[in-house]
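Reading the structure
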Amino acid sequence: MRKVSKGIAPSALDRIVAYLENRRAKSMVKIGGLLVLLIVALGLPQVFSDPLTTDVAVLALLYAAAATGWNIFSGFTGYIALGHAVYFGVGSYAIALLAQDWNVPGGYEPFLLVPLAGLIAAAFAVPFGWIALRTRRHTFVVITIATFFIMQLMAYNLRNITNGSAGLSLPLPSYDWGKNFNLPLYSFFNLPFYYVALAILLLALGTAWWIRNSKYGLSLLAIRDDEDRALGLGVKTGPFKLIAFVLSAFFVGMVGAVHAYFQGSIFPPFAFDALFDVSIALMGFMGGLGTLSGPILGAIILVPAQQYSTLWLSDSGFYLIAYGALFLAVILLLPEGIVPTLRKLWLKWRASRSNIQEIPTAVTPTNGNQEDILVAEGPGRRDGVNL
Amino acid sequence: MNLLEARNISKSFGGIRALDACSITVKQGTITGLIGPNGSGKTTLFNIITGYERLDQGDIRFDGQSITNATPDKVFRLGIGRTFQLTRIFPRLTVLENMHVAAQRKGTRALLSRWSSSHEQRRALDLLDFVGITHLKDVPAANLSYGQKKLLEFAYILIAEPQVILLDEPAGGINPTMINHLSERIRMLNERGVTFLVVEHNLEFVMGLCDTVMVLHRGAKIAEGTPEEVRKNPAVLEAYLGD
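Residues numbered from 1 in each chain as written. Chains lettered and ligands numbered in written order. Predicted model: local features only at pLDDT ≥ 70, side-chain atom pairs only at ≥ 80, totals over all residues.

Quick look at the overall build of chain A now. The secondary structure content of chain A amounts to 17 helices and two strands. Per-residue burial for chain A yields a buried fraction of 39% across its 387 residues. (Helix = DSSP H or I, 4+ residues; strand = E, 2+ residues; numbered from the N terminus. Buried ≥ 20, exposed ≤ 12 C-beta atoms within 10 Å, placed from the backbone.)

Helix and strand content of chain B: 10 helices and 10 strands. Radius of gyration (C-alpha) of chain B: 18 Å, near the 18 Å computed for a compact globule of 243 residues. Based on the C-alpha atoms only, the size of chain B along its principal axes is roughly 55 × 40 × 35 Å. Here chain B holds 243 residues, and 47% of them are scored as buried. Sequence separation of at least 24 residues holds for 69% of the intrachain contacts in chain B that already meet a minimum separation of 6. (Rg over C-alpha atoms; globule rule 2.2 N^0.38 Å. Contact = placed C-beta atoms within 7 Å.)

Positive phi values are uncommon outside glycine, yet Asn103(A) reaches one of about 50 degrees. Structurally, the position occupied by Asn103(A) is in the loop between α4 (85-101) and α5 (109-112). Here the phi dihedral of Arg218(B) falls at roughly 50 degrees; this positive angle occurs in a residue that is not glycine.

Looking now at the nonpolar core. Within soluble globular proteins, side chains that are nonpolar generally end up buried alongside one another. One finds Leu61(A), Ala65(A), Ala66(A), Ile95(A), Ala121(A), Ala197(A) and Val258(A) to be the most contacted residues of the largest nonpolar core, which totals 173 residues. For Val258(A), the contacting residues outside a window of four places in its chain are Leu62(A), Val114(A), Phe193(A), Val196(A), Ala197(A) and Ile200(A). (Core = buried A, V, L, I, M, F, W, Y, C linked by C-beta atoms within 7 Å.)

Residue and element names in this part refer to chain B. Two numbers describe how helix α5 (residues 118-131) lies on helix α6 (residues 146-158): the axes approach to 9 Å, and their chain directions differ by 140 degrees. Taken together, α5 and α6 sit at an angle that is classed as oblique. Between α5 and α6 lies a crossing whose hand is right-handed. Mapping the contact onto sequence places Leu-127, Leu-128, Phe-130 and Val-131 in α5 and Leu-151, Phe-154, Ala-155 and Leu-158 in α6. Here the residues of the contact of α5 with α6 are counted per class, giving eight nonpolar, no polar and no charged. (Axes fitted to C-alpha atoms, helices over the stretch in contact; angles between N-to-C directions. Parallel < 35°, antiparallel > 145°, perpendicular 65-115°, else oblique. Left-handed = near helix turned anticlockwise from the far one by under 90°. Nonpolar A, V, L, I, M, F, W, Y, C, P; charged D, E, K, R; others polar.)

For the rest of this paragraph, the subject is the sheet that holds strand β8 (residues 195-199) of chain B. All names here are of chain B. Spatial ordering of the open sheet is given by β6-β7-β8-β3-β9-β10, a layout of six strands whose pairing is mixed. With one partner strand each, in any of the chains shown, β6 (80-82) and β10 (220-225) form the two edges of the open sheet. Pairwise comparison of adjacent strand axes, ignoring direction, gives a mean angle of 20 degrees for this sheet. Alignment of strand β3 (residues 31-35) against strand β9 (residues 212-217), held across four bridges, turns out to be parallel. When the sheet's bridge partners are listed, Leu-34 is paired in β9 with Met-214. In the packing of helix α10 (residues 234-241) onto the sheet, contacts are made with β9 and β10, and the angle to β10 comes to roughly 130 degrees. (Pairing = 2+ DSSP bridges.)

Moving on: α5(B). Residue and element names in this part refer to chain B. With 14 residues, α5 ought to run about 20 Å at 1.5 Å a step, and its terminal C-alpha atoms sit 20 Å apart, in line with that. Within α5 the residues assigned to the buried category are Gln-121, Ala-124, Leu-125, Leu-128 and Val-131. Down the axis of α5, the smallest arc covering the buried residues is 130 degrees, so these residues share one side. On its buried face, α5 is in contact with α3 (95-101), α6 and α7 (176-191). (Expected span 1.5 Å × (residues − 1). Arc of directions from axis to C-beta.)

As a further point, take the interface of chain A and chain B. Listed per partner, the contact involves 32 residues of chain A and 42 residues of chain B. In terms of residue count, helix α10 (residues 215-225) of chain A provides more of the side of chain A that touches chain B than any other element does, seven residues in total. By residue class, the composition of the side of chain A that touches chain B is 14 nonpolar, 10 polar and eight charged.

On to the sheet that holds strand β2 (residues 16-27) of chain B, then. Residues and elements named next belong to chain B. Pairing in this open sheet of four strands is antiparallel, and the strands run β2-β1-β4-β5 from one edge to the other. The open sheet has two edge strands, β2 and β5 (65-66), and neither has a second partner. Pairing geometry for strand β1 (residues 2-13) and strand β4 (residues 57-62), over five bridges, is antiparallel. Within β4, the position partnered with Leu-4 by the bridge is Phe-62.

Attention now goes to the packing of helix α14 (residues 274-287) of chain A against helix α16 (residues 318-333) of chain A. Residues and elements named next belong to chain A. α16 packs onto α14 with a crossing angle of 35 degrees between their chain directions and a minimal axis gap of 10 Å. Between α14 and α16 the crossing geometry is left-handed. Across the interface between the two elements, Val-278, Leu-282, Phe-285 and Met-286 from α14 touch Tyr-323, Leu-326, Phe-327, Val-330 and Ile-331 from α16. Partitioned by chemical class, the residues of the contact of α14 with α16 number nine nonpolar, no polar and no charged.

Relative to the helices and strands, Thr310(A) resides in helix α15 (residues 294-313). For the pair formed by Thr310(A) and Leu320(A), sequence separation is 10 residues and the distance between their alpha carbons is 9.8 Å.

Another point: the environment of Ala204(A). Residue and element names in this part refer to chain A. Checked against the element boundaries, Ala-204 lands in helix α9 (residues 191-213). Accessibility expressed as a C-beta count within 10 Å gives 28 for Ala-204, which makes it buried. Along the backbone, Ala-204 and Leu-153 are 51 residues apart, and their C-alpha atoms lie at a distance of 29 Å. In this view, Ala-204 contacts Ala-65, Thr-68, Gly-69 and Phe-251; residues no more than four positions away in its chain are not counted.

Turning next to the confidence of the model for chain A. Detailed reading of predicted coordinates is not advised where the pLDDT is low. Scored by pLDDT, chain A has a mean of 81; 81% of the residues are at 70 or more. The low-confidence segment residues 1-7 of chain A (pLDDT under 50) makes six contacts with residues lying over four places distant or belonging to another chain. (pLDDT = per-residue confidence, 0-100.)

Dropping the structure here:
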């Protein structure tokens, strides 16, 4: 860096310094912002302890975690899976059956079964993913939808295991939870669910962040852009896609397990719910496919909207129509999602202010020794955090 | 020594015989040209060598090892890189990210570490500098001009240090300055020991660059020799101008 700066005019040096400072400042802002968000997330149910609010908050976090998990596969690889309710349902049934067979009492214990339920969902994802991923694009979407219907039918009909449409019930959460805090019970009932959901969300987000910055994640993005080309550059596309698929099923399965315990009972149409398939995809599309914050943003917007509209309009199913209309609107008007669109607007605004061309277009290929000052900075670090 | 050898390759698409017992050899350290009229099977041959198409009959050897019907990723990892006639880059990745996709790593653990590891990063920047598009490193590849995309595709293949590079119409659709720039790079790499097999319609480009030229016609090789010999070969003239 210093060697290079010797020969160049001070104005150029100033520019480099400003550039670096700006970059550092940017990452500081990012980390600071994340910390603030985390503190808000941790404190939220303490401040708004009304169970109606925490109910919605738990669901929002669960959906955010599921959408983030879904995004690890669909967002990064570009394969739109519309059958992840399969893994949500398998996670739900797994925790119910495990709790039943092992006589797990209500309380904190069932939460210990959540990772196991996630693993069982992931195990289901191996054969389903293996079959579905032989196909691409529309065929892939149709096959994932088919797996969903198969599993829903099985839940109805394998009565020995699932108890059919009578459903299964889970142990009741402990009523001792509020005792230590000397507060009324109802304001504490949701808290353990809230923090477990938050933990799953953070785990999913951390995994997505790690993948996004890893060589593996770059390979997934290459698959999204041109799968055959990636294969021809030594990327093991088959196993890579399957691993992402199974990983996303793991997170969705854990969410299904927590959701089942939260609801207390499960039935085939709610464990394997077509609306879930569409919901997490809509959250991903709306927030921004393949971004880290997009699916979370989508969940935070959509879940409360859905809950409150159900509350206002009772169970009329109006929100289903609203959902469909919204999906259509997002695909037509905001195909990139909120986060990428905002990022673009921001770049445009900054470019117009500083009057510096953001994207160099025309260029003559010489030996590359033009005034490429920034090039000489050596192995530049580009934090690929997609916030 | 024959680095790449395809023997008696046949391939049909439905009733059309794209390749008919076609044999070619590429000697180590050469720049070999492959020319022929449209539909003579040049790209099909490329696709078969690099694993994108399965062959009906025949045998392909690379460095003494059979690579018949190997998958594209295996072929690439063995040291055969290729470009496409219609340039294929990753449009939504930045130029630098494009470079890293092709960087090879050994072991599964390496996949979990950052894609922008320092030695790969240095190499990627060196190669971008080599083709002259370093200043575009943070630009999404979709925003590049056609010629720049060709340079990018050429550069990211180099990051894996292939022994042979198959170029499918490298000079197609780009301006004369860029063509000279490209052939200069090809020569420099060739001096460092990289072997090239070049499909091209621009005969001036082929004749000026290649040591050996092979001519395909209707799925079979009809001539082979130095550019001068091929130019004078009546069978070649017949193929290009006749019927």
